[in-house]
Amino acid sequence: MSHTNAALTPRHRLIVARLVVDDDWPISEVAARFQVSRPTVKRWGDRYQAGESMQDRSSRPKASPGAAAGDLIRRFGIRASWSALMLALAASTVVLAVLPGVLAVAPLASAVFGASYIALSGLLLIWGTEVYPQAPAAGVGLAFLLIAVGQAVGAPVVGAVSDGRSPAIAFAAAAVLAVLGAGIRPR
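Residues numbered from 1 in each chain as written. Predicted model: local features only at pLDDT ≥ 70, side-chain atom pairs only at ≥ 80, totals over all residues. Heavy atoms only, no water.

Chemist: Which residues make up the nonpolar core, and what values do they have?
Modeler: W82, M86, L120, L123 and L124 are the most contacted members of the largest nonpolar core, which has 17 residues in total. Looking at this core, the elements that each hand over two or more residues are α4 (68-76), α5 (78-98), α6 (105-131), α7 (136-164) and α8 (167-182). Ranked by residues supplied to this core, first place goes to α5 with six residues. In this structure, L123 is in contact with A69, I73, I78, S81, W82 and L85, ignoring residues within four places of it in sequence. Grouped together as the second largest cluster of nonpolar side chains are eleven residues, L8, V16, V20 and W44 included. (Core = buried A, V, L, I, M, F, W, Y, C linked by side-chain atoms within 4.5 Å. Buried < 20%, exposed > 50% of the residue type's maximum accessible area, 1.4 Å probe, protein only. Helix = DSSP H or I, 4+ residues; strand = E, 2+ residues; numbered from the N terminus. Contact = heavy atoms within 4.5 Å.)

Written out as structure tokens, the structure reads:
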């Protein structure tokens, strides 16, 4: 059974690919004749040359950082996932406080921070639907509100501490707050 958005069946894709690869037809001519895009014809030709199937492929992304929250919760539970992610967020933040002059550390710490933040956002959304099972939209809305308030308040406060004291103190304070946040126990 073909994908609902498939231009042609796998059998027709094979015909298209053979015209381009075996019979040396121009891609643009085959695309016009079969009413599909040139990149699609090229993709099918490449698959045929590589010996790959002409069957439909999943349109699901190979990776989705936000979806990691659901995987973590299924595997370890919401409490353990929350604590681990908050500690990862704290660790990446404290690294920036302790090693501000080490340029090679910044991309790694930023990547860990970003991945943790995305997964924590997903976890809050899931948690929101569990807290309000009769009105999951309210739980998701509340989670988004909390994320927005945290960003709106946290960023200026960290910036002010950074300007008033030093970036190292600001990042260390943010890391301490993340460690304290790890102690929050979602139900």
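Chemist: Requested: an account of the packing of aromatic side chains, with residues and values cited.
Modeler: Here a ring pair, both rings aromatic, is described through the centre-centre distance and the interplanar angle of the planes. Counted under the stated rule, the structure contains two aromatic pairs. On the basis of an interplanar angle of 10° and a centroid distance of 6.3 Å, the ring pair of F113 and Y117 is categorised as stacked. Taken as a pair, F113 and Y117 lie in helix α6 at a separation of four residues, close to a single helical turn. (Phe/Tyr/Trp six-rings, centres within 6.5 Å; stacked < 30°, edge-to-face > 60°.)

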